[in-house]
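Descriptive structure summary
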Amino acid sequence: DTAVSQTPKYLVTQMGNDKSIKCEQNLGHDTMYWYKQDSKKFLKIMFSYNNKELIINETVPNRFSPKSPDKAHLNLHINSLELGDSAVYFCASSPRDNTFRTDTQYFGPGTRLTVL
Amino acid sequence: GENVEQHPSTLSVQEGDSAVIKCTYSDSASNYFPWYKQELGKRPQLIIDIRSNVGEKKDQRIAVTLNKTAKHFSLHITETQPEDSAVYFCAAALSGTYKYIFGTGTRLKVLA
């Protein structure tokens, strides 16, 4: 299946722990993103990566560190988890901006993170 | 900073009626405006988008209009069906900047 996939789907952990979320896309896109969706459903961009380079970092605490080993993967590592980190985290990807399909984002299924 | 306001936050319509959701953006340089539908527990999925060089775009029961001067864009759903019930998000972006500002979402309920 061609898609954006994320693992795990659910993540329950204690405060202070370190955890990672993985994202992979097999759509051949150059740009990948991480979004946070809080309990009120607000969707907020956290990071954008283009060709493995960080483009956008939206005032996210430095406890959050994205890593892009290649164009198809963008992982999110979170240190010292806090209660306020509980949310659904969505990965997304989009194709290069010189095509007709410019800017269309395709979202992964989301990872629901619960910090206890 | 850039901002996208979306109204209403909730909308209930009778099946078969029309629904309209409105968004206003602050960055006049924005030139790409997608709309996403998110069903409960699912991912946001693109339903329609419009670029700043057109004023209207239609796809079956869904249409989007854009007023660049007023920095407004709207989603119109005609002949609503129960399966249209979901949260709808608008967004504004400048092509090539990789930054999308999302509206706060509208929960649409279509009553059978």
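Residues numbered from 1 in each chain as written. Chains lettered and ligands numbered in written order. Predicted model: local features only at pLDDT ≥ 70, side-chain atom pairs only at ≥ 80, totals over all residues. Heavy atoms only, no water.

**Quick look at the overall build of chain B**
Basically, it comes down to this: Labels follow the DSSP assignment, with helices taken as runs of H or I lasting at least four residues and strands as runs of E lasting at least two, numbered in each case from the N terminus. Atoms counted for the radius of gyration: C-alpha only. Globule rule: 2.2 Å times the number of residues to the power 0.38. Any two residues having at least one pair of non-hydrogen atoms within 4.5 Å are treated as being in contact. Surface accessibility follows the Shrake-Rupley procedure with a 1.4 Å probe radius. Residue values consider only the protein chains on display as shielding. Within this scheme the basic residues Lys and Arg register as positive and the acidic residues Asp and Glu register as negative, but His and the chain ends are omitted. The atom standing in for a charge is NZ when the residue is Lys, CZ when it is Arg, CG when it is Asp and CD when it is Glu.
For chain B, the count of helices and strands is zero helices and 11 strands. For 112 residues, the compact-globule estimate of 2.2 N^0.38 gives 13 Å, and chain B sits close to it at 13 Å. Seen along its three principal axes, the alpha-carbon backbone of chain B occupies a region of about 40 × 30 × 20 Å. Counting only contacts in chain B whose residues sit at least 6 apart along the sequence, the fraction spanning at least 24 positions is 53%. A total of about 5500 Å² of accessible surface is found on chain B, and carbon and sulfur atoms cover 46% of it. If the 13 positive side-chain charges of chain B are averaged to one point and the 12 negative ones to another, these points end up 5 Å apart.

**Some words on the interface of chain A and chain B**
Convention followed: Accessible surface is computed with a 1.4 Å probe, and the buried area is the amount of it that two parts give up when combined, taken over both parts together. The working definition used for a salt bridge is a side-chain nitrogen of Lys or Arg within 4 Å of a carboxyl oxygen of Asp or Glu. Three categories are distinguished: nonpolar for Ala, Val, Leu, Ile, Met, Phe, Trp, Tyr, Cys and Pro, charged for Asp, Glu, Lys and Arg, and polar for the others, with Gly belonging to the last.
Chain A puts 26 residues into the contact, and the matching count from chain B is 19 residues. Here chain A packs against chain B, burying approximately 2000 Å² in sum over the two surfaces, 54% of which is carbon and sulfur. Along the contact surface separating chain A from chain B lie zero salt bridges. Elements represented by at least two residues in the side of chain A that touches chain B include exactly strand E4 (31-37), strand E5 (43-50), strand E6 (53-57) and strand E9 (87-94) of chain A. Taken together, the residues of the side of chain A that touches chain B break down into 12 nonpolar, nine polar and five charged.

**With respect to the sheet that holds strand E8 (residues 73-78) of chain A**
All names here are of chain A. This is how it is decided: In this description, strands pair whenever DSSP reports at least two bridges between them. Here the axes come from fitting lines to C-alpha atoms, over the contacting stretch only for helices, and the angles between their N-to-C directions go from 0 to 180 degrees.
Overall, antiparallel pairing links the four strands, which are arranged E1-E3-E8-E7 in an open sheet. Strand pairing shows two members of the sheet lacking a second neighbour, strand E1 (4-7) and strand E7 (64-70), which therefore form its edges. Pairwise comparison of adjacent strand axes, ignoring direction, gives a mean angle of 20° for this sheet. Two elements, strand E3 (residues 19-25) and E8, share four bridges in a ladder whose sense is antiparallel. Counted as the bridge partner of Ser-20 is His-77 from E8.

**A look at the pattern of salt bridges**
Residues and elements named next belong to chain A. For the record, the criterion: Type-normalised accessible area, obtained with a 1.4 Å probe on protein chains alone, sets the label of each residue: buried when under 20%, exposed when over 50%, and partly exposed for intermediate values.
Overall, the coordinates contain seven salt bridges over all chains when judged by the stated rule. Residues Arg-63 and Glu-82 are paired through a salt bridge, measuring 3.5 Å at the closest nitrogen-oxygen approach. Placement of the pair is Arg-63 in the loop between E6 and E7 and Glu-82 in the loop between E8 and E9, with a sequence separation of 19 residues. What makes Arg-63 buried here is its relative accessible area of 14%. If you follow the salt bridges from partner to partner, you end up with Arg-63, Glu-82 and Asp-85 in one network.

**A short note on the sheet that holds strand E8 (residues 72-77) of chain B**
Residues and elements named next belong to chain B. Spatially, the five strands line up as an open sheet ordered E1-E3-E8-E7-E6, and their pairing is antiparallel. Edge strands, defined here as strands with exactly one partner in the open sheet, are strand E1 (4-7) and strand E6 (56-59). Neighbour to neighbour, the strand axes of the sheet diverge by 15° on average, direction disregarded. Sheet topology note: the E1/strand E3 (residues 19-25) ladder contains four bridges and is antiparallel. For Val-4, the partnering residue across the bridge sits in E3 and is Tyr-25.

**Things to note about the state of the cysteines**
Residues and elements named next belong to chain B. We apply this condition: Criterion for a disulfide: a pair of cysteine sulfur atoms within 2.5 Å.
Evaluation of the coordinates by the stated rule reveals two disulfides over all chains. Across the disulfide from Cys-23 sits Cys-90; the S-S distance is 2.0 Å. Taking the sign of the S-S torsion, -100° for the link of Cys-23 and Cys-90, the bridge is left-handed. With a gap of 67 residues between them, Cys-23 in strand E3 and Cys-90 in strand E9 (residues 86-93) connect regions that are remote in the sequence. On the basis of relative accessible area, Cys-90 is assigned to the buried category, the value being 0%.

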